[in-house]
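# A look at the structure
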Amino acid sequence: GAGVSQSPSNKVTEKGKDVELRCDPISGHTALYWYRQSLGQGLEFLIYFQGNSAPDKSGLPSDRFSAERTGGSVSTLTIQRTQQEDSAVYLCASSSWTSGGTDTQYFGPGTRLTVL
Amino acid sequence: LAKTTQPISMDSYEGQEVNITCSHNNIATNDYITWYQQFPSQGPRFIIQGYKTKVTNEVASLFIPADRKSSTLSLPRVSLSDTAVYYCLVEGDTDKLIFGTGTRLQVFP
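This is a predicted model, so every value here is computed, not measured.

A count of helical and extended segments in chain A gives 0 helices and 10 strands. Helices and strands appear in chain A in the N-to-C order β-β-β-β-β-β-β-β-β-β. Computed over the C-alpha atoms, the radius of gyration of chain A is 14 Å, within 12% of the 13 Å expected from 2.2 N^0.38 for a compact globule of 116 residues. Dimensions along the principal axes, computed over C-alpha positions, put chain A at roughly 40 × 25 × 25 Å. For chain A, the residues scored as buried account for 47% of the 116 residues in total. Taking the intrachain contacts of chain A between residues at least 6 apart in sequence as the baseline, contacts between residues at least 24 apart amount to 56%. In the structure as shown, chain A presents an accessible area of about 5,500 Å², 46% of it carried by carbon and sulfur atoms. Looking at charge distribution, chain A has the averaged site of its 10 positive side-chain charges lying 4 Å from that of its 11 negative ones.

Listed below in structure tokens is the structure:
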């Protein structure tokens, strides 16, 4: 019965370093989303996984960003050569999406990334 | 995906009813209207979803006119704990949700 979990909750890194952010979705949820939220801003869609389909990467801001979802469950968002503008809260959400347009997403608490 | 427009901010006082209206002129036949609530330092939380007319749950009501080009989230008798950002989204078979900047509701004592 656990919700979506994310780790770490906070990450401070130096410019140029790589970081990995982890998301554990709700068990059984086939859809998984990554969003980014800068301070005081709305959510920015990054990437979407649905079952075994190819992920929708249309929101990734640059090729420094990538994500994987192993075994249809846990997902890792990787940011290479981090830049200061990457500083934000990275949110993960999952849903038990079914056709019909009633996809309710459940969000994790987010990972606050600070790039010095 | 249908784009939504909602006020940037609203102020209210405890005990009042708050109505937040969202415009979605290009809503598609298959789209549903969903509202999320986000507290500081937390991820958004689902509040309510509807397709047409009126939907009510223990938290809020959602009013959708016949043309579905707008919707109104109604929060009865707000309290200080309702201070949050409220997002209106439309979603359908395209699955991917696009969050706007939302409406920042501030409730005063």
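In this chain, A:S7 is followed by A:P8 through a cis amide linkage whose omega measures -10°. Mapped onto the elements of the fold, A:P8 is located in the loop between β1 (5-7) and β2 (10-13). Phi is positive for B:S41, close to 65°, though the residue is something other than glycine. Its location among the elements puts B:S41 in the loop between β3 (32-38) and β4 (45-50). Using a relative accessible area of 63% as the deciding quantity, one classes B:S41 as exposed. Residue B:R77 is not a glycine yet carries a positive backbone phi of 45°. Topologically, B:R77 is positioned in the loop between β7 (70-75) and β8 (84-91). Residue classification places B:R77 among the exposed positions, given a relative accessible area of 65%.

Residues and elements named next belong to chain A. Ordered in space as β1-β3-β7-β6, the 4 strands form an open sheet in which the pairing is antiparallel. Strands at the two margins of the open sheet, each flanked by one partner only, are β1 and β6 (65-69). Neighbour-to-neighbour, the strand axes of this sheet turn through a mean angle of 15°, independent of strand direction. The pairing of strand β3 (residues 19-24) with strand β7 (residues 75-79) spans 5 bridges and is antiparallel. Considered in β7, the bridge of V19 is made with I79.

Residue and element names in this part refer to chain B. Evaluation of the coordinates by the stated rule reveals 8 aromatic pairs over all chains. With a centroid separation of 6.1 Å and an interplanar angle of 85°, the aromatic rings of Y36 and F46 are classed as edge-to-face. Here Y36 is found in strand β3, whereas its partner F46 is found in strand β4, with 10 residues between them in sequence. The partly exposed category is assigned to F46, whose relative accessible area is 29%.

What follows deals with the sheet that holds β3(B). Where strands meet in a sheet, backbone hydrogen bonds hold them as pairs that are either parallel or antiparallel. Residues and elements named next belong to chain B. Taking strand neighbours across the sheet as the criterion, the 5 strands line up as β1-β9-β8-β3-β4 in an open arrangement whose pairing is mixed. Here the strands that pair on one side only, and so sit at the sheet edges, are β1 (9-13) and β4. Taken over all neighbouring pairs, the strand axes of this sheet differ in orientation by 25° on average, direction set aside.

Quick look at the state of the cysteines now. Residues and elements named next belong to chain A. Following the criterion strictly, the structure yields 2 disulfides over all chains and no others. Disulfide pairing is shown between C23 and C92; the S-S distance is 1.8 Å. Judged by the sign of its S-S torsion, about -65°, the bond between C23 and C92 is left-handed. You can see C23 sitting in strand β3 and its partner C92 sitting in strand β8 (residues 88-95), a full 69 residues away along the chain.

This part takes up the pattern of salt bridges. Using the criterion set out here, one finds 4 salt bridges over all chains in the structure. A salt bridge links A:R36 to A:E44; the nearest nitrogen and oxygen atoms lie 3.1 Å apart.

Rules behind the numbers
- Residues numbered from 1 in each chain as written.
- Chains lettered and ligands numbered in written order.
- Predicted model: local features only at pLDDT ≥ 70, side-chain atom pairs only at ≥ 80, totals over all residues.
- Heavy atoms only, no water.
- Helix = DSSP H or I, 4+ residues; strand = E, 2+ residues; numbered from the N terminus.
- Rg over C-alpha atoms; globule rule 2.2 N^0.38 Å.
- Buried < 20%, exposed > 50% of the residue type's maximum accessible area, 1.4 Å probe, protein only.
- Contact = heavy atoms within 4.5 Å.
- Areas by Shrake-Rupley, 256 points an atom, 1.4 Å probe, with all protein chains shown as cover.
- Lys, Arg positive; Asp, Glu negative; His and termini not counted.
- Charge placed at Lys NZ, Arg CZ, Asp CG, Glu CD.
- Pairing = 2+ DSSP bridges.
- Axes fitted to C-alpha atoms, helices over the stretch in contact; angles between N-to-C directions.
- Phe/Tyr/Trp six-rings, centres within 6.5 Å; stacked < 30°, edge-to-face > 60°.
- Disulfide = S-S within 2.5 Å.
- Salt bridge = Lys/Arg side-chain N within 4 Å of Asp/Glu carboxyl O.

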